[in-house]
Amino acid sequence: RPPAPAGVGGCAGTDTPTPMPTATARSVCTLSRSLAFSGLAARGNRARAPTALSPRRLPLAERRSHPRGIMSHNHLPVAGPRAGSAPSANQQAPAEAGREGAPAPSSPIVQYVVLRRDLKDGLGWPLGSIVAQACHASVAALWLSKEDDTTAQYCAPDALDHMHKVVLELKGEEQLRNLSKKLDEAGVLHKLWIEQPEDFATCLATKPYRKDEVSPFFKKCKLAR
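Rules and cut-offs
Throughout this description, residue numbers start from 1 for each chain and increase along the sequence as written. Selection of residues for local features in this predicted model requires a pLDDT of at least 70, selection of side-chain atom pairs for listing and counting requires 80 or more, and totals for whole chains, interfaces and linings are taken over all residues. Here the side-chain values reflect all heavy atoms present in the structure, with hydrogen atoms and water set aside. Secondary structure is summarised from DSSP: a helix means a run of H or I of at least four residues, a strand means a run of E of at least two, and numbering begins at the N terminus for each. Residue exposure (1.4 Å probe, protein chains only): buried if accessible area is under 20% of the type maximum, exposed if over 50%, otherwise partly exposed. The criterion used for residue contact is that any of the two residues' heavy atoms lie within 4.5 Å. Residues belong to a common nonpolar core when they are buried Ala, Val, Leu, Ile, Met, Phe, Trp, Tyr or Cys residues joined through side-chain atoms within 4.5 Å. Pairing of aromatic rings covers Phe, Tyr and Trp, the last through its six-membered ring, and needs centres within 6.5 Å; plane angles under 30 degrees mean stacked, over 60 mean edge-to-face, and all others mean tilted. Take the residue count of a helix, subtract one, and multiply by 1.5 Å to get its expected span. This arc is taken over the directions from the axis of the helix to the C-beta atoms. Here a salt bridge means any side-chain nitrogen of Lys or Arg lying within 4 Å of a carboxyl oxygen belonging to Asp or Glu. Here, the term disulfide refers to a pair of cysteine sulfur atoms separated by no more than 2.5 Å.

Undergrad: For this particular structure, what's the right way to read the overall build of the protein chain?
TA: Of regular secondary structure, the protein chain possesses eight helices and eight strands. With 225 residues in all, the protein chain has 26% of them scored as buried. When contacts within the protein chain are restricted to residue pairs at least 6 apart in sequence, those whose partners lie at least 24 apart make up 61%.

Undergrad: What exactly am I supposed to notice about unusual backbone geometry here?
TA: Across residues other than glycine, the phi torsion is negative in most instances, and most of the peptide bonds are trans. In this chain, glutamine 196 is followed by proline 197 through a cis amide linkage whose omega measures 5 degrees. Its place among the elements puts proline 197 in the loop between strand 5 (190–195) and strand 6 (200–206). Unlike most non-glycine residues, aspartate 199 shows phi in positive territory, near 60 degrees.

Undergrad: Could you clarify how one ought to interpret the nonpolar core in this entry?
TA: One broad trend across soluble globular proteins is that nonpolar side chains are buried collectively. Val114, Leu179 and Phe218 are the most contacted members of the largest nonpolar core, which totals 17 residues. Mapped onto this core, the elements with two or more residues apiece are strand 3 (109–116), strand 4 (165–170), helix 7 (173–186) and strand 6. In contact with leucine 179, not counting residues within four places along its chain, are Val114, Leu170, Leu204, Phe217, Phe218 and Cys221.

Undergrad: Teacher, can you tell me more about the packing of aromatic side chains here?
TA: The final tally for this structure, using the stated rule, is two aromatic pairs. With centroids separated by 4.3 Å and ring planes inclined at 5 degrees, the aromatic side chains of tyrosine 112 and phenylalanine 218 adopt a geometry described as stacked. Taken together, the residues tyrosine 112 in strand 3 and phenylalanine 218 in the loop between helix 8 (211–214) and strand 8 (222–223) connect sequence positions 106 residues apart. Of the two residues, tyrosine 112 and phenylalanine 218, neither departs from the other in class, the shared state being buried.

Undergrad: What is the right way to look at the environment of leucine 192 in this model?
TA: Along the chain, leucine 192 falls in strand 5. On the basis of relative accessible area, leucine 192 is assigned to the buried category, the value being 17%. Taking the C-alpha atoms as reference points, leucine 192 and valine 113, separated by 79 residues in sequence, lie 10.0 Å from one another.

Undergrad: In this structure, what is going on with helix 7? I would like to understand it.
TA: Note that an α-helix has 3.6 residues per turn; residues three or four places apart therefore point the same way. Taking 1.5 Å of rise per residue, 14 residues should cover 20 Å, and helix 7 covers 20 Å from first to last C-alpha, within 8% of that figure. Every buried residue of helix 7 is listed here: Leu176, Leu179, Ser180 and Leu183. On an axial view of helix 7, the arc spanned by its buried residues comes to 100 degrees, and they lie on one face. Seen from the buried face of helix 7, the exposed residues on the opposite side, beyond 90 degrees, are Glu174, Lys181, Asp184 and Glu185. Residues of helix 7 that are buried in the fold lie against strand 3, strand 4, strand 5 and strand 6. Of the residues one or two after helix 7, glycine 187 is the one with positive phi, at around 75 degrees.

Undergrad: Got a minute to help me understand the pattern of salt bridges in this structure?
TA: Any two side chains of opposite charge can pair if their charged atoms end up close together. Summed over all chains, the structure comprises six salt bridges. A salt bridge links arginine 116 to aspartate 118; its shortest N-O distance comes to 3.0 Å. The partner of lysine 207 in a salt bridge is aspartate 148, with the nearest N and O atoms 2.9 Å apart. Residue lysine 207 is located in the loop between strand 6 and strand 7 (209–210), and its partner aspartate 148 is located in the loop between helix 5 (127–144) and helix 6 (149–154); the two are separated by 59 residues in the primary sequence. Relative accessible area serves as the criterion here: at 7%, lysine 207 is assigned to the buried category. The structure contains a network of salt bridges with shared partners spanning Arg116, Asp118, Glu173 and Arg177.

Undergrad: Explain the state of the cysteines to me, please; I cannot follow it from the model alone.
TA: Defined simply, a disulfide is a covalent bond joining two cysteines at their sulfur atoms. Evaluated as defined, the whole model comprises zero disulfides. As a non-bridged cysteine, cysteine 203 has cysteine 135 as the owner of its nearest cysteine sulfur, 8.9 Å distant. For cysteine 203, a relative accessible area of 0% corresponds to the buried category.

Undergrad: Please explain the environment of alanine 140 as it appears in this structure.
TA: Note on placement: alanine 140 falls in helix 5. Assessed through its relative accessible area of 15%, alanine 140 is described here as buried. Sequence separation between alanine 140 and tryptophan 193 is 53 residues; the distance between their C-alpha atoms is 8.4 Å. Discounting residues that sit within four places of it in the chain, alanine 140 has contacts with Lys191 and Trp193.

What follows is the structure, given as structure tokens:
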């Protein structure tokens with residue numbers, strides 16, 4: 001058979017090595033060994049490097065009962081959001097859903113009472129008589145709406161000590177009657193008290209309402225003084 005190709009300075013065994021200077025042969029051998037060792041080391045490092053999805057060994061107690069034996073990806077740590085990063089849509093959804101589903105605070109139940117200012121200033125009525133007119137109108141409005149759910153809440157035993165009334169005033173009888181007409185047109189249940197035997201309007205009181213339902217009708221009224 002033909003002779004084998006010559007080796008390099010005796011580093012790779014051959015039948016007929018080519019003569020080479022001793023110093024050169026040593027340098028070549030050293031370089032070859034270094035390259036071979038570097039390649040093996042790199043392969044070893046790649047083999048040992050952990051990947052992001054590498055499973056870890058379970059504790060012994062869990063290993064015995066785990067259906068797949070030794071390894072499980074379910075026990076890998078889950079990375080949380082990085083500091084300063086914006087929350088994802090899934091993270092924002094529960095908070096927004098909670099805000100949307102939260103009930104809005106309800107408006108308080110109140111009874112509006114409107115007096116005539118001129119009963120005191122122009123006609124000289126005593127304070128007691130004016131208060132009596134307000135009481136008449138208030139009680140009458142409650143009785144007329146006794147079957148109403150809001151009135152039932154307003155007069156419930158646990159609410160009797162927490163009643164709310166808004167006492168307002170208008171200039172005179174004409175303004176009071178105009179307000180009563182406006183409330184009638186809007187379907188706001190109220191009692192316009194007509195004093196007898198004088199036969200003139202002295203006071204107006206609504207049935208109990210949520211404040212935000214009827215407050216716009218009383219914007220032109222002033223607080224009674």
